[in-house]
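# An overview of the molecular structure
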Amino acid sequence: SISATFPWLHLKTCGMSGAEAASLLDGKTTISLFGVDAIQNDEPWQFVMVFPLPVDGDPYGLEGNVESPLETWKAIFPRSGLQERPFEPPITKKEFVDLVRAQIEKILTGDKFKCRLESFNSIDKDESFLTIWLQDIEMLETLAERVEARARVKPSAYEMMGFDCPTEYKNAKEFTTMPHEMDAATPGQAYTNLHTGEPMDNSCPAWVLFRKELKDKLDLFEEPQVLRVLRRHMINYINIEELQKVNAITNFFAVHKWRHLSELHRRGWNDLSRMFGWPKDGTADHIVQYAGVQAAFFFHLFNTFTRWISGPAVLSVINFVLRRSPWLDKHQMQILDSAYGAMLCIWTTVFLVRYEQLENLKIFRWGMHGAEQEIAPVRKEFSDAYRGTVCEGSQNLVHWILCLLFMLETIVAAECITRVRSRAFSDPEGSTFGISNGTLVLLAKYAITLNIKLVDSIWTPLSTWLSKKENWRTETDLKANMVVKLFAVKFVVFYYPFAFTIFVQPYEAEGCDGGEMSGCVSKLRSDLYFFFVCQVVTEAVGLCVTLLSVYWSVRSEKQKISQESGRKHVTYLELQAKLPPYSEADQIADYMNLVLIFGFIAMFGVTCPSMSIMCFFSNFPIKRLLAYKVSYARQRAVPRVEEGIGAWRAIMTFIAYMGVTCTCYIVIFVFNIEKMSLATKLIVFILAERVLMALKKALEGLMGSKTVAQLRIQEHNEQVLDKVLNGDA
């Protein structure tokens, strides 16, 4: 049985009866997604390959010949190469695809994998789905050892040797095991692990490299780990990218599991009807069991940021009420805003230090500490001979030159828009370019946001494409360098137009609206409010467009069904094949949106305190929409090894330091509460910035990068782990 062969697929953990499980595996259970009824056929499969079939019109070009078929075959199967040469050129693409599929099936069912395969045709019979399941537990152990996968030590292994299993809470001299999070649907019981059905708790046993001789002391691999192991081993024998490049397959994806998504929906993660559920720290521990560490680290950051922004949000409400009360004059309002700005400087520091502590604890809890250096695979595109050459340096230089050009465009655009707007504002009765100046002043605000979105829509795909063409050794190196180049441009594109209003415009000939600094502050606030609304709307519209495109794609296929098709519904796997993949670019975009919002609050929150409350409330629907997108509107991402949020932490730290500089400048030069001379302003600015920077450093050193709980856990493991694994009493 499936449960006996693969323990973590035990359907009883989801409350299914044997009859219901059999119905699900027979493909007779139907689900509804995007308003379309679908046959649920996702269990027990892990991956799916989709091959083209010949149909009228030959949309896949199967009737033509394959160019360089021998070289293509060798690229697809790097291990077997041409040792087994099943054809002689020329060969049609249909014949080539059939031979490729036969070879893939031979590899996956052979001694190297021992996978179970099944196939079915799409509802319109233009594609064939090959489902893959690594069902042999001994083969999984062999592969896990080969790819140096990590496994978690069983808590019972500690107890068998007379030691406490470390937990996040230690009372006196003993570690105390406590429930992870209580299940509201079953009072008195904790949420259970998605795969084992065991109650989740706060235990933090060590992670070690998997070895067969230790398997009795190690936990079973959970599904994300199985997907990662199988994918890593598979790419050694089958080049998926080359298959897709030559259109030998039309799709390859990891399988979404409806029962797991339904359970996460019950727990509230991807339930759109529970938009305003409080973001808990433990939510990421549920996500990691299904989506892997990439998604879990992102949502952990998102939840932590949302919880922490609640403090500035409450203070911004108080600020808003006091500013509109009759008790404060202009001078007192500026003092109030200055105090809020000083609070933001301290808040960004404490938030980032606390997040680093929580992140390090999750890295340790999820077994990711040092994992990237140990098992990061080398990219197939990497060439050691090309590394360090003049060509490689020139290629990287061209990318950076493009970065500078896109930055320059933003600077020029901000200057031009501001000049046109200032002239229109000074002559409200006139017209410019045939447009009344009153209307032009309003359009200028929209032009800034439009330029940001336009440049961003061009630079993001261009820079991503260029980065993938560069000679980075590992996926981690590629992602880190991709993030740096994307952010370098976006930092200027997103922030400069607003910084220009405060840092440059007051000192130009046109000056601020009305000739006073308050005119620039009012303009900045108006532009920021409009930008925030656009960010939320853009995210929502993007998701809706994705869902609609999927819906219409499925609907168009259903309309092609002939009466002889034999079934009335598409399958869940067919629906998943219609979804776009959750790519590195998607993940970077999700991080980028969050980090950019953090930057606006850190650098401009002193002039626009209401941004904090807007960010706080908008984060709730955005988080749910993102979770819904990852669960239902994207293909399942193959989990990868990631040690935290990577370069994003350094970027957020950089933004926090820039926030200190911006806040000090705005308080001293823009608000100028004490009406100081220029020389006095410069002295006070330097002193204030240095004092706040010193305070940031002191707080970082005082709080440290690890919690006391993590230090205790690591110290305990250092003392007892060898004895636990080696069986020494």
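Conventions and cut-offs
Residues numbered from 1 in each chain as written. Predicted model: local features only at pLDDT ≥ 70, side-chain atom pairs only at ≥ 80, totals over all residues. Heavy atoms only, no water. Patch = residues over 30% accessible without salt bridge, like charges linked within 9 Å, V, L, I, M, F, W, Y side chains within 5 Å. Areas by Shrake-Rupley, 256 points an atom, 1.4 Å probe, with all protein chains shown as cover. Salt bridge = Lys/Arg side-chain N within 4 Å of Asp/Glu carboxyl O. Buried < 20%, exposed > 50% of the residue type's maximum accessible area, 1.4 Å probe, protein only. Core = buried A, V, L, I, M, F, W, Y, C linked by side-chain atoms within 4.5 Å. Helix = DSSP H or I, 4+ residues; strand = E, 2+ residues; numbered from the N terminus. Contact = heavy atoms within 4.5 Å. 1 Å grid on protein atoms, 1.4 Å probe; cavity = no way out; pocket = protein on both sides within 12 Å on 5 of 7 lines; lining within 4 Å. Points joined across faces, edges and corners; volume = space filled by probe spheres on them. Nonpolar A, V, L, I, M, F, W, Y, C, P; charged D, E, K, R; others polar. Pairing = 2+ DSSP bridges. Axes fitted to C-alpha atoms, helices over the stretch in contact; angles between N-to-C directions. Phe/Tyr/Trp six-rings, centres within 6.5 Å; stacked < 30°, edge-to-face > 60°. Lys NZ or Arg CZ within 6 Å of the ring centre and 35° of its normal. Disulfide = S-S within 2.5 Å. Polar contact = N/O pair within 3.5 Å; in protein donor to acceptor, adjacent residues only side chain to side chain. Parallel < 35°, antiparallel > 145°, perpendicular 65-115°, else oblique. Left-handed = near helix turned anticlockwise from the far one by under 90°. Arc of directions from axis to C-beta. pLDDT = per-residue confidence, 0-100.

## Digging into a nonpolar patch on the surface
On the surface, Leu397, Ile401, Leu405, Leu408, Ile411 and Val412 cluster together to form a nonpolar patch covering roughly 520 Å² of accessible area. By relative accessible area, which is 34% here, Ile411 ends up partly exposed.

## A closer look at the nonpolar core
If you look at the biggest cluster of nonpolar residues, it comprises 117 residues, and the most contacted ones within it are Phe305, Tyr495, Phe600, Phe604 and Trp648. Looking at this core element by element, the count peaks at 16 residues for helix α21 (residues 647-671). Dropping the residues within four chain positions of it, Phe305 is found in contact with Trp347, Phe351, Leu594, Phe598, Ile601, Cys615 and Asn619. Formed by 59 residues, the second largest nonpolar core is a distinct cluster that contains Val147, Phe163, Val229 and Leu725.

## Some remarks on the layout of surface pockets
Looking at the second largest pocket, its volume works out to about 1,000 Å³. Contributions of two or more residues to the lining of the second largest pocket are made by α5 (137-146), β6 (150-152), α7 (223-234) and α10 (283-291). The element that contributes the greatest number of residues to the lining of the second largest pocket is α7, accounting for 5 residues. Class assignment of the residues belonging to the lining of the second largest pocket gives a composition of 23 nonpolar, 6 polar and 13 charged.

## Here's the deal with the sheet that holds strand β4 (residues 116-121)
If you trace the 4 strands from one edge of the open sheet to the other, you get β4-β5-β3-β10, paired in antiparallel fashion. A strand with exactly one partner marks an edge of an open sheet, and here the two such strands are β4 and β10 (251-254). The mean inter-strand angle of the sheet, taken between neighbouring strand axes irrespective of direction, is 20°. In the sheet, β4 pairs with strand β5 (residues 127-133) via 6 bridges, with the strands oriented antiparallel. Pairing of Ser119 across the sheet is with Leu130, part of β5. Of the strands in this sheet, β3 (47-52) and β10 touch α7, which is tilted by about 45° from β3.

## Looking at the packing of aromatic side chains
Throughout the structure, instances matching the rule amount to 45 aromatic pairs. Seen in terms of ring centroids, Trp73 and Phe87 are 5.6 Å apart; in terms of plane orientation they differ by 70°. Their pairing is edge-to-face. Residue Trp73 is located in helix α3 (residues 69-76), and its partner Phe87 is located in the loop between α3 and α4 (93-109); the two are separated by 14 residues in the primary sequence. Trp73 sits in the buried class, given a relative accessible area of 1%. Members of the aromatic cluster, joined through ring pairs, are Phe487, Phe491, Phe494, Tyr495, Phe498, Phe531, Phe600, Phe604 and Phe654. The ring of Phe175 carries Lys170 above its face, with NZ or CZ at 5.0 Å from the centroid. Geometry around Tyr657 places Lys696 over its ring, the cationic atom sitting 5.0 Å from the centre.

## Details of the state of the cysteines
Tallied over the full model, the rule gives 0 disulfides. Cys165 takes part in no disulfide bond, and the closest cysteine sulfur, belonging to Cys204, lies 7.8 Å away.

## So, the side chain of Thr348
One can find Thr348 in helix α12 (residues 330-365). A polar contact is formed between the side chain of Thr348 and the backbone oxygen of Cys345, at a distance of 2.9 Å. Dropping the residues within four chain positions of it, Thr348 is found in contact with Phe598, Ala602, Ala656 and Lys696.

## With respect to the pairing of strand β1 (residues 30-33)
Burial along β1 is one-sided: Ile31 and Leu33 are buried, and none of Thr30 and Ser32, which face the opposite way, are. Note: β1 against strand β2 (residues 36-39), 4 bridges, orientation antiparallel. Pairing of Ile31 across the sheet is with Ala38, part of β2. Taken together, β1 and the strand that follows it, β2, pair antiparallel across an intervening segment of 2 residues, in which Phe34 is found at a positive phi of about 60°.

## Examining the packing of helix α11 (residues 293-323) against helix α20 (residues 610-633)
Orientation of α11 relative to α20, taken along the N-to-C sense of each, is 150°, at an axis distance of 6 Å. For the element pair α11 / α20, the angle class is roughly antiparallel. In this structure, the crossing between α11 and α20 has a hand that is left-handed.

## Focus: α3
Where α3 is concerned, the buried positions are Pro69, Leu70, Thr72, Trp73 and Ile76. Down the axis of α3, the buried set is contained in an arc of 160°. They therefore lie on one face. Opposite the buried face of α3, at more than 90 degrees from it, the exposed residues are Glu71 and Lys74.

## Notes on the sheet that holds strand β13 (residues 570-571)
Pairing within the open sheet is mixed, and its 3 strands lie in the order β1-β2-β13. Both outer strands of the open sheet, β1 and β13, are each paired with one neighbouring strand and no more.

## Remarks on the environment of Ile132
Summarising the element assignment, Ile132 is placed in strand β5. Between the C-alpha atoms of Ile132 and Val48, which are 84 residues apart in sequence, the distance is 6.0 Å. Excluding residues within four positions of it along the chain, Ile132 makes contact with Trp45, Gln46, Phe47, Met49, Leu108, Cys115, Arg116 and Leu117.

## Describing the packing of helix α16 (residues 475-503) against helix α19 (residues 584-604)
Running from N to C, α16 and α19 cross one another at 40°; their axes reach a closest spacing of 10 Å. Compared by their axis directions, α16 and α19 come out oblique. Where α16 crosses over α19, the two elements pack in a sense that is right-handed. Judged by residue contacts, Lys479, Met482, Val483, Leu486, Phe487, Lys490, Phe491, Phe494, Tyr495, Phe498 and Ala499 of α16 engage Glu584, Gln587, Ile588, Met592, Val595, Leu596, Gly599, Phe600, Met603 and Phe604 from α19. Class assignment for the residues of the contact of α16 with α19 results in 16 nonpolar, 2 polar and 3 charged.

## Thoughts on unusual backbone geometry
Of note, the amide linkage connecting Glu43 to Pro44 takes the cis form, showing an omega dihedral of 0°. Here Pro44 is to be found in the loop between β2 and β3. Put simply, Pro89 and Pro90 share a cis peptide bond, and its omega is -5°. Checked against the element boundaries, Pro90 lands in the loop between α3 and α4. At Asp58, a residue that is not glycine, the phi angle is positive and equals roughly 50°. You can see Asp58 is positioned in the loop between β3 and α3. The phi dihedral of Lys114 is positive, around 60°, even though this residue is not glycine.

## Description of the confidence of the model for the protein
Detailed reading of the predicted coordinates is not advisable wherever pLDDT falls low. The predicted model of the protein averages 84 in pLDDT, with 90% of residues at 70 or higher. Low pLDDT (under 50) marks residues 1-27, which in the prediction has 51 contacts with non-local residues, meaning those over four places away or in another chain.

## Comments concerning the side chain of Asn193
Locating Asn193 in the fold gives a position in the loop between β8 (174-175) and β9 (207-209). For Asn193, the side chain forms a polar contact with the side chain of Glu222, separated by 2.8 Å. Among residues more than four places away in sequence, those in contact with Asn193 are Glu198, Met200, Glu222 and Gln289.

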